[in-house]
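# Summary of the model geometry
Listed below, chain by chain, are the residues.
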Amino acid sequence: MFVLGIESSCDETAAAVVKDGQEILSNIILSQTDLHKNYGGVFPELACRRHLDFMLPVIQEALDVAGVEPDLIAVTQGPGLIGALIMGINAGGGLSMGWDIPLVGVNHVDAHVYAASMGEEIEYPALGIVVSGGHTAMMLMQSPLEYEILGKTVDDAIGESFDKVARMLDLPYPGGPEVEKLAKNGDPKQFDFKPCRVKGRPMDFSFSGLKTKALYAIKGPGGHPDGPNIISEAQKKDVAAAFQLAAIESIVYKGIEAAVNHGCRHLLLGGGVSNNALLRELFVSQAPPTLSLHFPKKGLCLDNAAMIAGLGYHVYQNEGAHEIGLAPLPKTMI
Ligand code: KG4
Ligand code: ZN
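Predicted, not measured: the structure shown is a model, and the values here were computed from it.

### Details of the packing of helix α8 (residues 233–261) against helix α9 (residues 277–286)
- Between α8 and α9, the shortest axis-to-axis distance is 10 Å and the interhelical angle comes to 40°. The two elements α8 and α9 meet at a crossing, and its hand is right-handed. Counted together, Gln244, Leu245, Ile248, Glu249, Ile251, Val252, Tyr253 and Ile256 of α8 and Leu278, Leu279, Leu282, Phe283 and Gln286 of α9 form the full contact between these two elements.
- Residue composition of the contact of α8 with α9, grouped by class: 10 nonpolar, 2 polar and 1 charged.

### Focus on helix α10 (residues 306–319)
- A rise of 1.5 Å per residue sets the reference length of α10, with its 14 residues, at 20 Å; its end C-alpha atoms lie 20 Å apart and thus fit the reference within 8%.
- Along its buried surface, α10 packs onto β1 (2–7), β2 (12–19), β3 (23–31), β4 (72–78), β5 (103–107) and α4 (108–115).
- Within two residues after α10, glycine 320 carries a phi angle of roughly 75°, on the positive side.

### So, the packing of aromatic side chains
- With the rule as written, the count across this model stands at 4 aromatic pairs.
- Arranged with centres 6.5 Å apart and planes meeting at 65°, the rings of phenylalanine 283 and phenylalanine 295 form a pair that is edge-to-face. Linking phenylalanine 283 in helix α9 with phenylalanine 295 in the loop between β10 (292–294) and α10, this pair joins segments that are 12 residues apart in sequence. By the burial criterion, phenylalanine 283 is buried, and phenylalanine 295 matches it.

### With respect to the site of ligand 1
- Taken together, 19 residues sit near ligand 1, with Gly133, Asp163, Gly176, Glu180 and Gly272 positioned nearest.
- Between ligand 1 and histidine 112, the relevant distance is 3.0 Å, taken from an oxygen atom to a side-chain nitrogen or oxygen of the residue.
- Between an oxygen atom of ligand 1 and a main-chain N or O atom of glycine 272, the distance comes to 2.9 Å.
- When ligand 1 is considered free in solution it has 560 Å² of accessible area, and contact with the protein chains removes 90% of it.
- Those elements that place two or more of their residues in the shell around ligand 1 are α4, α5 (158–168) and α6 (175–183).
- Of the residues forming the shell around ligand 1, the biggest block, 4 residues, is contributed by α6.

### Some details on the side chain of serine 143
- As for its placement among the helices and strands, serine 143 is situated in the loop between β7 (136–141) and β8 (147–152).
- Of note is the side chain of serine 143, whose polar atom sits 2.9 Å from the side chain of glutamate 146.

### Re the nonpolar core
- Of all hydrophobic cores here, the largest spans 51 residues; its most connected members are Leu127, Ile129, Phe193, Val239, Ile251 and Phe283.
- Secondary structure elements with two or more residues in this core: β6 (126–131), β7, α5, α6, α7 (208–219), α8, β9 (266–270) and α9.
- At 13 residues, α8 tops the list of elements feeding residues into this core.
- Those residues in contact with leucine 127, other than ones at most four positions away along the chain, are Met138, Met139, Leu150, Gly255, Ala258, Ala259, Cys264, His266, Leu267 and Leu268.
- Counting residues in each nonpolar core, the second largest holds 21 residues, with Leu72, Ala115, Met118 and Leu311 among its members.

### Remarks on the sheet that holds β4
- Reading across from one edge, β3-β2-β1-β4-β5 is the order of the 5 strands in this open sheet, with mixed pairing throughout. Here the strands that pair on one side only, and so sit at the sheet edges, are β3 and β5. On average, each strand axis in the sheet is inclined to that of its neighbour by 20°, with strand direction left out of account.
- Across the sheet, helix α3 (residues 82–99) lies against β1, β4 and β5, angled at about 160° from β4, the strand it touches most.
- Relative to the sheet, α10 contacts β1, β2, β3, β4 and β5, its axis offset from that of β5 by approximately 115°.

### Considering the state of the cysteines
- According to the stated counting rule, one finds 0 disulfides in the structure shown.
- Between cysteine 10, a free cysteine, and cysteine 48, which holds the nearest cysteine sulfur, the sulfur-to-sulfur gap is 10 Å.
- Unpaired in this structure, cysteine 301 has its nearest cysteine sulfur neighbour in cysteine 10, at a distance of 16 Å.

### Here we look at the sheet that holds β8
- With respect to topology, 5 strands assemble into an open sheet ordered β8-β7-β6-β9-β10, the strand pairing being mixed. Of all strands in the sheet, those with a lone pairing partner are β8 and β10, marking the two edges. Each neighbouring strand pair of the sheet contributes to a mean axis angle of 20°, computed without reference to strand direction.
- Bridging between β6 and β7 involves 6 bridges; their strand directions are antiparallel. Considered in β7, the bridge of isoleucine 129 is made with methionine 138.
- Its contacts with the sheet put α8 on β6, β7, β8 and β9, and the angle it makes with β6 is roughly 160°.

About the thresholds
- Residues numbered from 1 in each chain as written.
- Chains lettered and ligands numbered in written order.
- Predicted model: local features only at pLDDT ≥ 70, side-chain atom pairs only at ≥ 80, totals over all residues.
- Heavy atoms only, no water.
- Axes fitted to C-alpha atoms, helices over the stretch in contact; angles between N-to-C directions.
- Helix = DSSP H or I, 4+ residues; strand = E, 2+ residues; numbered from the N terminus.
- Left-handed = near helix turned anticlockwise from the far one by under 90°.
- Contact = heavy atoms within 4.5 Å.
- Nonpolar A, V, L, I, M, F, W, Y, C, P; charged D, E, K, R; others polar.
- Expected span 1.5 Å × (residues − 1).
- Phe/Tyr/Trp six-rings, centres within 6.5 Å; stacked < 30°, edge-to-face > 60°.
- Buried < 20%, exposed > 50% of the residue type's maximum accessible area, 1.4 Å probe, protein only.
- Near = heavy atom within 4 Å.
- Polar contact = N/O pair within 3.5 Å; in protein donor to acceptor, adjacent residues only side chain to side chain.
- Areas by Shrake-Rupley, 256 points an atom, 1.4 Å probe, with all protein chains shown as cover.
- Core = buried A, V, L, I, M, F, W, Y, C linked by side-chain atoms within 4.5 Å.
- Pairing = 2+ DSSP bridges.
- Disulfide = S-S within 2.5 Å.

Okay, here's the thing in structure tokens:
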């Protein structure tokens, strides 16, 4: 079954064709990063307009590269920016009607985790971890669509905290890769940042305390995120390194502990922060040899439509077609 995936939940307009949930025939991503850079984050109205302009050309390119006719359309139904979601849902609904092929709505967060399993053999139960700009959660998975949430962030998502700390360090949006670059030459031991704990909820995450520690280190105690810096350029590197290590350690240690405690032999990692080299290195060095680690391949970490098409195949196998007039679900977690 050839599935056309459409993703437009935030600032990427993306379309892809995937065969039987696994084999990626095309994966076209039009990033809007340059458009939003001046605003220090995504400007929703502009994102919608850009989706409107590029949705059909991006879909056309995905179909041309794949060279096949789709049997099913899978669109991101949520979570995301409501206007941006509507663009993809309407495009998918219109094409589904025009071509007389079924449509399914897909959860973007589930799809991030699914991305790590594409082209791989996964044994369930598996531990899924999503580390993105909007979500941070750990789930015990019985299949790509059945799982129980073991822990999640009680405040900011990890990617969001990377973006906020980047801004404090005068780095452009999106901040995660910039913090990673700056941290390369920094010494994390120069600042005492610890992985965050949530009282009485050992498997949950918290990043706001860590973000405040970084704020006070950069701007001084009680400082404002846009206020003047009290540290040198060299110390900025140390703050970036200390923040990155603390944020990532909390994911690595809890993730491995949860996988081992629940008898999982496979761990899947998804979302933009799974691009981070230190995160990958720490997982590889800390995981027991019995735990097989799966990271998304190139083009599957950040927002993309191949993961939507891939998971859409399973949604269709389980639930059949959805209504054409899908309601966007901007706030749905999973
Ligand atoms: O999954 P994604 O593309 O979008 C959401 O669904 O949220 O994730 C984007 C997030 C941003 O916060 C970005 O700063 C972060 O992923 N990110 C990184 C890295 N690359 C992207 N964070 C840390 N290190 C990276 N290399
Ligand atoms: Zn995403």
